[in-house]
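One letter stands for each residue in the lines below.
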Amino acid sequence: MNSPLEFEPQTDNSRQIFDVFLEMAKLPDMSETMLQDVYFSDFESASSRIFRIYRHLPLHYHEDCDEHLYVVSGEAIFHLNGTESIAKPGMFVRFPRKQVHGFPRVLIHPFVILAIDVPRRRPDDIVFVNPEDGDAKSFMGRNAT
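Now for a look at the structure at hand.

## Notes on the packing of aromatic side chains
As enumerated under the stated definition, the model contains 5 aromatic pairs in all. Pairing Phe78 with Phe95 gives two aromatic rings, centres 6.3 Å apart and planes at 35 degrees, and the pair type is tilted. Of this pair, Phe78 sits in strand 4 (residues 66-80) while Phe95 sits in strand 6 (residues 92-95), placing them 17 residues apart in sequence. The same class applies to Phe78 as to Phe95, namely buried. Where Phe78 meets Phe103, the ring centres are 4.7 Å apart and the plane angle is 50 degrees; that geometry is what we call tilted.

This is the structure in structure tokens:
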């Protein structure tokens, strides 16, 4: 993982009300990266966002945040604690920093998740279990540029 970036909010934090389905519709239909996201809030203490996973997301973890995920649409196989389950709309999954997780298969597109990260998840906070699987640039669209 790269050294931590200085805090730079990914949104101006001016909005307080969001239509998740309207925001979801703005995510691109295809992506060169594994996922694309839109931040609703981004404070040092916590961030909220939606993201769409476009293809298999290898096993990874985050160094600096606990993630709380709510599946909004689609279905995928979710790997957590050495077991795999189907993640579908209405499911909530949480895990602490450094816990290995991943989405080995997206079954139904668009697969979109509402995420609350505490403290905020820096866009570059991604560590793949197998470094050959990717890096921050291949993981998220905002990091690719």
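## As for the nonpolar core
As a rule of thumb, soluble globular proteins bury nonpolar side chains together. Within the largest apolar cluster, 23 residues are counted, with the highest numbers of intra-cluster contacts made by Ile53, Phe103, Phe111, Ile113 and Phe139. Those elements that place two or more of their residues in this core are strand 2 (46-53), strand 4, strand 6, strand 7 (101-118) and helix 2 (136-139). With 7 residues, the next largest nonpolar core counts Met24, Phe40, Ile50 and Tyr54 among its residues.

Rules and cut-offs
Residues numbered from 1 in each chain as written. Predicted model: local features only at pLDDT ≥ 70, side-chain atom pairs only at ≥ 80, totals over all residues. Heavy atoms only, no water. Phe/Tyr/Trp six-rings, centres within 6.5 Å; stacked < 30°, edge-to-face > 60°. Helix = DSSP H or I, 4+ residues; strand = E, 2+ residues; numbered from the N terminus. Buried < 20%, exposed > 50% of the residue type's maximum accessible area, 1.4 Å probe, protein only. Core = buried A, V, L, I, M, F, W, Y, C linked by side-chain atoms within 4.5 Å.

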